[in-house]
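What the coordinates show
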Amino acid sequence: MILLDGKATSNKIKEEIAIEVQELTKSGIRAPHLAAILVGDNGASLTYVNAKVKACAKAGFESTLVTLPLDISEDGLLNEIEKLNTNPEIDGFIVQLPLPKHIDEQKVLMAVNPDKDVDGFHPTNVGKMALNLPTFLPATPFGILELLERYKVETSGKHVVVIGRSHIVGSPMSILMSQKRAAGNATVTITHSRTKNLKEITLQADIIVAALGIPEFLTADMVKDGVTVIDVGITRIEDKTKKNGFRLAGDVHFESVSKKSNFITPVPGGVGPMTIAMLMKNTLLAAKRRG
Ligand code: GUN
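My aim in this report is to walk through the structure given alongside it, one point at a time. Starting afresh in each chain, residues are numbered from 1 along the sequence in its written order. Totals for whole chains, interfaces and linings use every residue, but because this is a predicted model, local features are given only for residues with pLDDT of at least 70 and side-chain atom pairs only at 80 or more, for both listing and counting. The side-chain quantities take in all heavy atoms of the structure and omit both hydrogens and water.

Near is defined per residue: the residue qualifies when any heavy atom it owns lies within 4 Å of the molecule or strand. Surveying the vicinity of the ligand reveals the residues Lys-52, Val-95, Gln-96, Leu-97, Asp-119 and Phe-121. Between a nitrogen atom of the ligand and a side-chain N or O atom of Asp-119, the distance comes to 2.6 Å. For the shell around the ligand, a count of residues per class yields three nonpolar, one polar and two charged. For this analysis, a polar contact is any N or O atom pair within 3.5 Å, provided that within protein one partner can donate a hydrogen and the other can accept it, and provided that sequence-adjacent residues contribute only side-chain to side-chain pairs. Throughout this entry, Asp, Glu, Lys and Arg are counted as charged residues, while Ala, Val, Leu, Ile, Met, Phe, Trp, Tyr, Cys and Pro are counted as nonpolar. The remaining residues, Gly among them, count as polar.

Now for the packing of helix α1 (residues 6–26) against helix α10 (residues 271–290). Running from amino to carboxyl end, α1 crosses α10 at an angle of 20°, the nearest separation of the two axes being 8 Å. On the basis of their axis angle, the class for α1 and α10 is roughly parallel. When the axes of α1 and α10 are compared, the crossing they make is left-handed. Contacts from Gly-6, Lys-7, Thr-9, Ser-10, Ile-13, Lys-14, Ile-17, Glu-20, Val-21 and Leu-24 in α1 reach Pro-273, Met-274, Ala-277, Met-278, Met-280, Lys-281, Leu-284 and Lys-288 in α10. The residue makeup of the contact of α1 with α10, split by class, is 10 nonpolar, three polar and five charged. Axis definition: a line fit to C-alpha positions, over the contact stretch in the case of helices; interaxial angles, taken between N-to-C directions, run 0 to 180 degrees. Numbering goes from the N terminus for both helices and strands, where a helix is a DSSP run of H or I of at least four residues and a strand is a run of E of at least two. In what follows, roughly perpendicular refers to angles from 65 to 115 degrees, roughly parallel to angles under 35, roughly antiparallel to angles over 145, and oblique to any angle outside these ranges. Working rule for handedness: look at the near helix, and if it is turned counterclockwise from the far one by less than a right angle, call the crossing left-handed; if clockwise, right-handed. Contacts are assigned to residue pairs with any non-hydrogen atoms lying within 4.5 Å of each other.

Another aspect to go through is the packing of aromatic side chains. Working definition: rings of Phe, Tyr and Trp (its six-membered ring) pair if their centres are within 6.5 Å, and the pair is stacked with planes under 30 degrees apart, edge-to-face with planes over 60 apart, and tilted otherwise. Evaluation of the coordinates by the stated rule reveals zero aromatic pairs. Above the plane of the ring of Phe-136 lies Arg-289, whose end atom (NZ or CZ) is 4.6 Å from the centre. Here, over-ring charges are defined by two tests on the NZ atom of lysine or the CZ atom of arginine: distance to the ring centre within 6 Å, and angle to the ring normal within 35 degrees.

Bringing helix α6 (residues 139–150) into the picture now. Taking 1.5 Å of rise per residue, the 12 residues of α6 would be expected to cover 16 Å, and the 16 Å separating its terminal C-alpha atoms lies within 8% of that figure. Think of it in three bands: with a 1.4 Å probe and only protein chains considered, a residue is buried below 20% of the maximum accessible area for its type, exposed above 50%, and partly exposed in between. Extensive coverage of α6 is indicated by the burial of 10 of its 12 residues. Of all the residues in α6, the buried ones are Ala-139, Thr-140, Pro-141, Phe-142, Gly-143, Ile-144, Leu-145, Glu-146, Leu-147 and Leu-148. Helix span, expected: 1.5 Å multiplied by one less than the number of residues in the helix.

The next subject is the nonpolar core. Core analysis: the largest hydrophobic core is formed by 51 residues, its most contacted members being Phe-61, Ile-144, Val-209, Ile-230, Val-232 and Met-280. Listed by contribution, the elements that provide at least two residues to this core are α1, β2 (33–39), α2 (43–58), α6, β5 (159–163), α7 (170–178), β7 (207–210) and α10. By residue number, the principal contributor to this core is α10, which donates nine residues. Residue types Ala, Val, Leu, Ile, Met, Phe, Trp, Tyr and Cys, when buried and joined through side-chain atoms within 4.5 Å, form a set referred to as a nonpolar core. Ranked by size, the runner-up nonpolar core spans 20 residues in total, among them Leu-84, Leu-99, Ile-103 and Val-108.

This part covers α10. Relative to the 28 Å expected for 20 residues at 1.5 Å per residue, α10 spans 29 Å between its end C-alpha atoms, a close match to the ideal helical length. Among the 20 residues that make up α10, 14 are buried, leaving the element largely enclosed by the rest of the structure. Positive backbone phi, approximately 75°, marks Gly-291, located one or two places after α10.

Right under this line is the structure:
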């Protein structure tokens, strides 16, 4: 079993990015600037968004965190987005999801200038991604492709089973891995909560991407020997023995599934750090486009 070490790989990518930033600034171009909007004070979102901002600062990026109250109106949020859209100092920004129920997520994502949409969530960028045109790829699927590529996991002609059809992970993952590209050319099956005989399907998978958000859902009896497993899930589970009161669990029952796997991502330290590294890569790309 080989661990797909997202932490080590993301550190390497961040070093590569930092070198590029140094070269940019040496040639008189200012450093990339990423902004993040966080609505409310959801513990997990706050942790993620802080990690994104911190990672950017470490690589020599400028970063700005815009925190807004949980009860901000939709118009109030759209107004903040417009400020970032028109601020020439900002190369790219993200609106951390999920948003409170009274705010229409689609409306918000469509308000982001596609040229600054480093999450790749705007319909213009989703369309480009689906057509395999150059664009900002959504950071989590992008990170998974990068991890598979760097560990030389063969995907061409392989059967990939994606569990989950979210707009952030499952749907783009299934599109990208079926495309003619690095870590692509796979035969992809996308499954979800209405799928019948899921186990029958996962048992046929060479590669499984588990992105459904149910802790330890994928168990050893559902996978064949030699499988590659990508665990996108990260759920906080109450654990009184831990200092912070919780432990993190993925969508995969790691202990049993890892015994049958050729390659597997850990949680934490797998997909999560890769997501941050790829967000930075997208922000660097936005800055380079600006020139
Ligand atoms: N919430 C969970 N994943 C993501 C992500 O990749 N981007 C944003 N903006 N919010 C998220």
